[in-house]
Amino acid sequence: MNSTAEQPAEVVARLRTTYRTGRTKPMSWRTGQLRALRSLLTEHGQDIAAALHADLGKSESEAFRTEIDFTVREIDHTLERLEGWLRPEPAEVPEHLGDARAWTVLDPLGVVLVIAPWNYPAQLLLAPVAGALAAGNCVVAKPSELAPATSRVIAELLPKFLDADAVAVVEGAVPETTALLEQRFDHIFYTGNGTVGRIVMRAAAEHLTPVTLELGGKSPAFVDRNTDVRKVAARLVSTKFLNAGQTCVAPDYVLTDRETAAELEGALAEAVQETFGADPAESPRLGRIVNDRHFDRLTGLLDSGRLVVGGAYDRENRYIAPTVLADVSPDSAVMAEEIFGPILPVVVVDGLDEAIAFINDRDKPLALYAFTESQAVRDRLVAETSSGGVGFGLPVAHLTVSDLPFGGVGESGMGRYHGQYSLETFSHRKAVLDKPLG
Ligand code: NAD
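All values derive from a computational prediction rather than experimental measurement.

**Comments concerning the pattern of salt bridges**
Two side chains with opposite charge may pair up if their charged atoms get near one another.
Reasoning step 1: Taken as a whole and assessed by the stated rule, the structure comprises 25 salt bridges.
Reasoning step 2: Measuring nitrogen to oxygen at the nearest pair gives 3.2 Å for the salt bridge that ties Arg-81 to Glu-80.
Reasoning step 3: Here Glu-80 falls in the exposed class, since its relative accessible area comes to 62%.
Reasoning step 4: With its nearest N and O atoms 3.8 Å apart, the salt bridge here joins Lys-231 to Asp-228.
Reasoning step 5: A relative accessible area of 55% places Lys-231 in the exposed class.
Reasoning step 6: For Asp-228, a relative accessible area of 37% puts it in the partly exposed group.

**Some words on the sheet that holds strand β17 (residues 413-414)**
Reasoning step 1: Taking strand neighbours across the sheet as the criterion, the six strands line up as β5-β4-β3-β6-β7-β17 in an open arrangement whose pairing is mixed. Edge positions in the sheet fall to β5 (167-169) and β17, since each of these pairs with one other strand and no more.
Reasoning step 2: Sheet topology places strand β7 (residues 211-214) next to β17; two bridges connect them, and they run antiparallel. Looking at β17, one finds that Glu-214 is bridged to Gly-413.
Reasoning step 3: Each of β3 (111-115), β4 (138-142), β5 and β6 (187-191) is contacted by helix α5 (residues 123-134), which is oriented at about 170 degrees to β4, the strand it contacts most.

**Digging into the sheet that holds strand β2 (residues 101-108)**
Reasoning step 1: Reading across from one edge, β1-β2-β18 is the order of the three strands in this open sheet, with antiparallel pairing throughout. Across the chains shown, the open sheet's two edge strands, defined by having one partner strand only, are β1 (89-91) and β18 (427-434). Each strand of the sheet is rotated relative to its neighbour by a mean of 30 degrees, with strand direction disregarded.
Reasoning step 2: With three bridges joining them, β1 and β2 adopt antiparallel strand pairing. Looking at β2, one finds that Glu-89 is bridged to Thr-104.

**Examining the environment of Ala-326**
Reasoning step 1: Structurally, Ala-326 can be placed in strand β13 (residues 323-326).
Reasoning step 2: Separated by 55 residues in the primary sequence, Ala-326 and Leu-381 place their C-alpha atoms 24 Å from one another.
Reasoning step 3: Filtering out sequence-adjacent residues up to four positions away, Ala-326 remains in contact with Glu-265, Gly-305, Arg-306, Val-308 and Val-346.

**A word on the side chain of Ser-427**
Reasoning step 1: Among the secondary structure elements, Ser-427 is positioned in strand β18.
Reasoning step 2: Exposure remark for Ser-427: the relative accessible area of 8% places this residue in the buried category.
Reasoning step 3: At a separation of 2.6 Å, a polar atom in the side chain of Ser-427 contacts the main-chain carbonyl oxygen of Leu-423.
Reasoning step 4: Look past the residues within four positions of Ser-427 in its chain and what remains in contact with it is Leu-106, Asp-107, Leu-109 and Ala-135.

**Notes on the domain arrangement of the chain**
Reasoning step 1: The domains assigned to the chain are domain 1 (8-215 + 408-434) and domain 2 (220-400).
Reasoning step 2: Domain 1 puts 21 residues into the contact, and the matching count from domain 2 is 23 residues.
Reasoning step 3: Surface buried jointly by domain 1 and domain 2 totals about 1700 Å² across both partners, of which 58% is contributed by carbon and sulfur atoms.
Reasoning step 4: When the buried surface of domain 1 facing domain 2 is broken down by residue, Leu-56, Trp-118 and Val-409 rank first, second and third, together holding 27% of it.
Reasoning step 5: Put simply, domain 1 and domain 2 have zero salt bridges between them.
Reasoning step 6: On the surface where domain 1 and domain 2 come into contact, there are eight residue pairs in polar contact (both at pLDDT 80 or more).

The rules behind the values
- Residues numbered from 1 in each chain as written.
- Predicted model: local features only at pLDDT ≥ 70, side-chain atom pairs only at ≥ 80, totals over all residues.
- Heavy atoms only, no water.
- Salt bridge = Lys/Arg side-chain N within 4 Å of Asp/Glu carboxyl O.
- Buried < 20%, exposed > 50% of the residue type's maximum accessible area, 1.4 Å probe, protein only.
- Pairing = 2+ DSSP bridges.
- Helix = DSSP H or I, 4+ residues; strand = E, 2+ residues; numbered from the N terminus.
- Contact = heavy atoms within 4.5 Å.
- Axes fitted to C-alpha atoms, helices over the stretch in contact; angles between N-to-C directions.
- Polar contact = N/O pair within 3.5 Å; in protein donor to acceptor, adjacent residues only side chain to side chain.
- Domains from an automatic or database assignment.
- Buried area = accessible area lost by both parts, 1.4 Å probe.

Rendered as structure tokens:
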């Protein structure tokens, strides 16, 4: 299902020929491509939103907020600053080199591969592509086959807007991705799960190709005692149930003490009602589960604790109500792996020390969230735990700050992107020394 009807080896060879001409290096080409990508998103926002609705039941407003407008903002941020970011950076020269000068420049890498997942299938493909173009690379973009409508619309539009000899879309599933991974790339940027992340890294090792792995994991949300549980509940609900919980940085589970848990449960039930109404199945704000396999996996987790709110589901429409589970044991099925669906378990711990130990006993998460009035608690969480990022008071939002690096650590991934970090990821920072002969 290669949209260009070429074999992966031919696609890569064609792009490499383009790269060798040097055409992708000038600032004018880079900004031209970014502007063209921006036009694609603004002129065809409705088409992309319709595809996202077909794939994931995403509402139009959510599609624009979390995918289309998000990527436009990321492009604008880059366009405004790219020239400054690309300026050579002087380095201090040691005394023994006398009148020498030293500096670094950002070199494009060449031909890069971007592999995207299905949950934000437009944003997670096009935001890295924007970074790769800003850095002056040729790009092979591989959308997720699990979001087929979005994959199709992007495969149709991208070659029409961008330099088609420098940017190619290869659609398909495992066989196509496997064939792509046999090619030599200069960087592979993969977003998805850790199992495939390992496959990508193994394939990359054959060619000594560097990788960025944007993976997932169980991101905890610690709720301190004496915090306004109504406000906490509203923010947990608005972020956990975004895209029906299929968000890599969604709060996966809540950690709190017994007393706060009792108050929070009621507040979460109310917040779910306020957000999604009496029957969430009727709410346009709630997306659907991507496929039957994930639906069956998720409904299998619903008896992992006492039901506070939700629990209803309908296989035909792949609908699962926003669900909160209480009294959840750390050994239960819902705590075994990333939930990636609209189920929020509340796990009771005996205060901050136990919460920190709980987090550190597990894989390093992509994000750590906490709701607390205490600066000392915030400081301890930052200093004593490891995670891709930290969000106090509002989950998910840190990734909308283009000046913050976005990426995981340990099992949640390696490398980072967004804004200037994308440019660094898709470039080589080259050292230059100039010592006059005279
Ligand atoms: P997915 O199934 O769409 O897979 C991602 C990509 O890998 C697809 O393009 C697919 O074609 C390819 N792929 C699948 N199997 C392959 C194989 N055997 N060999 C080669 N390529 C293969 O998406 P997913 O992995 O289910 O995505 C969900 C996961 O991604 C979750 O763990 C989530 O937390 C994580 N995620 C992370 C981020 C982040 O930015 N860190 C963002 C979104 C999702």
